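Chain by chain, the residues:
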Protein chains: 2
Amino acid sequence: MNDFIDLFDEFDRRILPHHLTDADILRLRHQAFALHLRAQGHVDFGNPEDHFAYIAKGSVKLVAYLSSSREQIVAFGFPGELMHIPGAGRNGFSLIALEATELLAIPAASLLAASGKDSTLLRLAIEQTILALGRSRANSIMLGTHSARERLAGFLFAMFERGARHRASPETIRLPMSRAEIADSLGLTIETVSRQFSEMRNLGLIETSGRSIVTIRDWEGLALAAGQMPAAA
Amino acid sequence: MNDFIDLFDEFDRRILPHHLTDADILRLRHQAFALHLRAQGHVDFGNPEDHFAYIAKGSVKLVAYLSSSREQIVAFGFPGELMHIPGAGRNGFSLIALEATELLAIPAASLLAASGKDSTLLRLAIEQTILALGRSRANSIMLGTHSARERLAGFLFAMFERGARHRASPETIRLPMSRAEIADSLGLTIETVSRQFSEMRNLGLIETSGRSIVTIRDWEGLALAAGQMPAAA
DNA sequence: CGTGACGTTGACTATTCTCAACTTTCGTGG
DNA sequence: CCACGAAAGTTGAGAATAGTCAACGTCACG
């Protein structure tokens, strides 16, 4: 239970607005629940209610299961982020840990209701949702118009920006997900992802070490590969 | 100016919660603006602020312009819907009318601020955003895992459900968008879309008449083509 | 009734997927 | 600390899907 208190405190300090009443905070605390997932552990929010999840440690994927055996990763979640998890609807969604992960789950309704007089919480929720919408739309653009090379290069940039950094060097990323998971999120196959890694390695854009360490060697080249216009244009 | 009053009244009746104070409504009314677009007319919200758009008549597309000449349609908007329009960010977004369209644009900030004591409006905004997020994620799934056939079949279902109905018969849809626009929203080329239409016509799934009238002849077959599991399974 | 935009069809090309064999990584237990 | 084995990743060859280029047909508007 200490876990929960620590987690909630962190959430309170880093996410919640500072001027919430104690009553509001208490109400939230009663409806939130902490989860400690090991790698591959998953949560299925079976009830139709939406949830928000605050990721404290680790990383997660939000996957949609389709009728067939195929799955699509809809979003990744990293520490410090507040994710929106859709309730059971047309597609079943699961939140799956990529590595050992600590998170706090809050029913959307209670986050929305917590703001009696003060709507700061509501505003927080809407901000996060708009952010997620933006990311999702960017993802649609990527899937709709970009080649395999562009997708992987863009993916590496996104991972870099979202702080999957590795301490070794400022240019080095530690990817917490497997090739299969990268493929599922980019709408590609494992083999294509692997081939793209190899080609980008041969072009001198990146270096890799082991399964998950990637060092970016040529930022400009990688940006070009991602389909971004050269700066001059 | 009568246009505006009519539009705003409709918005008030059909979307706004009934128990708003007059003050709130007045404040909203001051910040909203009505737009009357002809086919292909467009609005660019240049400022970085987000907007909501209430579509009263007609239909619109929300397109993202990429570095290259390619564009991706991120969402369509139909009458009665409240769309979220992202402000100028990484990608420039434009709202473009597919046909003559009347809409009401409201800066997101003022919709969010309108709720002093009462947060119903805020709740409305978040609901709509979550809805849009859901649609966007469904779109990602479609683009990431579905074939051309599945995409077009799914598109027809979505259009049917979102009320692009034609009065002629309950099975008939009037598509307000061109093949090029369908292609841009599905991440395909015009030719591929056209070929899929032809093949589905030959398979007896649909009939077409002119450029924009589609009649669904075999619902089950179309559902199958959309990649949905047969009901029995 | 002509004209230009829109849509269809065909032949060919390119990219990605599929299937399959092979190699590397990394956690486990000796 | 090393060796083992399962899981993960890589590479290759051939097949399939969608894209490209180009010609032709049709619709809808003046």
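It should be emphasised that the depicted structure is a prediction, and the values quoted were computed from it without experimental measurement. Counting of residues starts from 1 at the beginning of each chain's written sequence and follows it residue by residue. Just so you know, chain letters begin at A and ligand numbers begin at 1, following the order they were written in. Note on the predicted model: pLDDT of at least 70 is required for a residue's local features to be given, and 80 or more for side-chain atom pairs to be given and counted; whole-chain, interface and lining totals, by contrast, use all residues. Water and hydrogen atoms were dropped before computing side-chain values, which therefore reflect all heavy atoms in the structure.

With respect to the overall build of chain A
Only runs of H or I of at least four residues qualify as helices and only runs of E of at least two qualify as strands under DSSP, and these elements are numbered from the N terminus. Across its full length, chain A holds eight helices and 11 strands. Residue burial is assigned from relative accessible area. The probe radius is 1.4 Å, only protein chains are included, and a residue is buried under 20% of its type maximum, exposed over 50%, and partly exposed in between. Counting only residues that meet the buried cut, chain A has 55% of its 233 residues in that class. For this analysis, residues touch if any pair of their heavy atoms sits within 4.5 Å. A sequence separation of at least 24 residues applies to 70% of the contacts in chain A between residues at least 6 apart. Using a 1.4 Å probe, accessible areas were evaluated by the Shrake-Rupley method; residue-level cover was limited to the displayed protein chains. Entry remark: accessible area of chain A is about 10,600 Å², with carbon and sulfur atoms responsible for 52%.

Some details on the protein's contact with DNA strand C
Proximity is defined per residue: any heavy atom of the residue falling within 4 Å of a molecule or strand makes that residue near it. In the vicinity of DNA strand C lie 18 residues, with A:A148, A:T192, A:R211, B:S194 and B:S198 positioned nearest. By atom count, sugar and phosphate contribute 65% of the portion of DNA strand C lying within 4 Å of the protein. The definition of a polar contact used here is a pair of N or O atoms within 3.5 Å, where within protein one atom must be able to donate a hydrogen and the other to accept one, and adjacent residues in sequence count solely through side-chain atom pairs. A:T192 places a side-chain nitrogen or oxygen 2.6 Å from a phosphate oxygen of DNA strand C. At 2.8 Å, a side-chain N or O of B:S194 approaches a phosphate oxygen of DNA strand C. Ranked by the residues each element gives to the surface near DNA strand C, the list is headed by helix α7 (residues 190-202) of chain B, at five residues. When grouped by side-chain class, the residues that make up the surface near DNA strand C number two nonpolar, eight polar and eight charged. Under the scheme applied, nonpolar residues are Ala, Val, Leu, Ile, Met, Phe, Trp, Tyr, Cys and Pro; charged residues are Asp, Glu, Lys and Arg; polar residues are all the others, including Gly.

Describing the environment of A:A75
The residue A:A75 is located in strand β5 (residues 71-77) in this model. In this structure A:A75 comes out as buried when scored by relative accessible area, which is 19%. Here the alpha-carbon distance between A:A75 and A:A64, two residues 11 residues apart in the chain, equals 9.6 Å. Among residues more than four places away in sequence, those in contact with A:A75 are A:V60, A:K61, A:L62, A:M83 and B:R137.

With respect to the packing of aromatic side chains
All names here are of chain A. Any two rings among Phe, Tyr and Trp, with Trp reduced to its six-membered ring, count as a pair given centres within 6.5 Å; such a pair is stacked if its planes are under 30 degrees apart, edge-to-face if over 60, and tilted if neither. All told, the structure shown has 12 aromatic pairs over all chains when counted by the stated rule. Measuring from ring centre to ring centre gives 6.0 Å for F8 and F11, while their planes differ by 65°; the resulting arrangement is edge-to-face. You can see F8 and its partner F11 sitting in helix α1 (residues 2-14), three residues apart, about one turn around the helix. With respect to burial, F8 and F11 carry one shared label: buried.

Examining the confidence of the model for chain A
When pLDDT drops low, the exact placement of atoms in the prediction is not to be read closely. Confidence scores per residue from the predictor, reported as pLDDT, run from 0 to 100. Per-residue confidence for chain A gives a mean pLDDT of 85; residues scoring 70 or more make up 88%. Confidence, expressed as mean pLDDT per element, reaches its minimum in chain A at helix α3 (residues 108-113) of chain A with 74 and its maximum at helix α7 (residues 190-202) of chain A with 98.

Some remarks on the nonpolar core
We call a set of buried Ala, Val, Leu, Ile, Met, Phe, Trp, Tyr and Cys residues a nonpolar core when their side-chain atoms join them within 4.5 Å. With 46 residues, the main nonpolar core has A:F8, A:F11, A:L104, B:F8, B:F11 and B:L104 as its most contacted residues. Among all residues touching B:L104, those that are not within four sequence positions of it are B:F4, B:L7, B:F8, B:F11, B:A32, B:F33, B:A34, B:F52, B:A53 and B:Y54.

So, the sheet that holds strand β9 (residues 172-174) of chain B
The strands making up a sheet are joined through hydrogen bonds of the backbone, oriented either antiparallel or parallel. All names here are of chain B. One open sheet accounts for three strands, arranged β9-β11-β10; its pairing is antiparallel. In this open sheet, the two edge strands, each paired with only one partner strand, are β9 and β10 (206-209). Each strand of the sheet is rotated relative to its neighbour by a mean of 25°, with strand direction disregarded. Should DSSP find at least two bridges between two strands, the strands are regarded as paired. Across three bridges, β9 lies against strand β11 (residues 213-216) in antiparallel orientation. Across the sheet, the residue bridging to T172 is T215, located in β11. To get an axis, a line is fitted to the C-alpha atoms, and for a helix only the part in contact is used. The angle between two axes follows their N-to-C directions and goes from 0 to 180 degrees.

What about helix α6 (residues 179-186) of chain A?
Of the positions making up α6(A), those classed as buried are A:E181, A:I182, A:A183, A:S185 and A:L186. Just past α6(A), the residue A:G187 takes up positive phi, approximately 70°.

Quick word on the side chain of B:K61
Residue and element names in this part refer to chain B. Residue position: K61 is located in strand β4 (residues 60-65). The class for K61 is buried, based on a relative accessible area of 6%. At 2.9 Å, the side chain of K61 and the side chain of E181 are in polar contact. The residues touching K61, leaving out its near neighbours within four places in the chain, are E71, I73, A75, F76, S94, L95, I96, L98 and E181.

Notes on the protein's contact with DNA strand D
Taken together, 18 residues lie around DNA strand D, and A:S194, A:S198, B:A148, B:T192 and B:R195 are the ones closest in. Counted by atom, the contact set of DNA strand D within 4 Å of the protein is 60% sugar and phosphate. Separating a base nitrogen of DNA strand D from a side-chain N or O atom of B:E191 is a distance of 3.0 Å. Between DNA strand D and the protein, one listed contact pairs a base oxygen with a side-chain N or O atom of B:R211 at 3.0 Å. Sorting elements by how many residues they give to the surface near DNA strand D places α7(A) first, with five residues. Here the surface near DNA strand D is built from residues that sort into three nonpolar, seven polar and eight charged.

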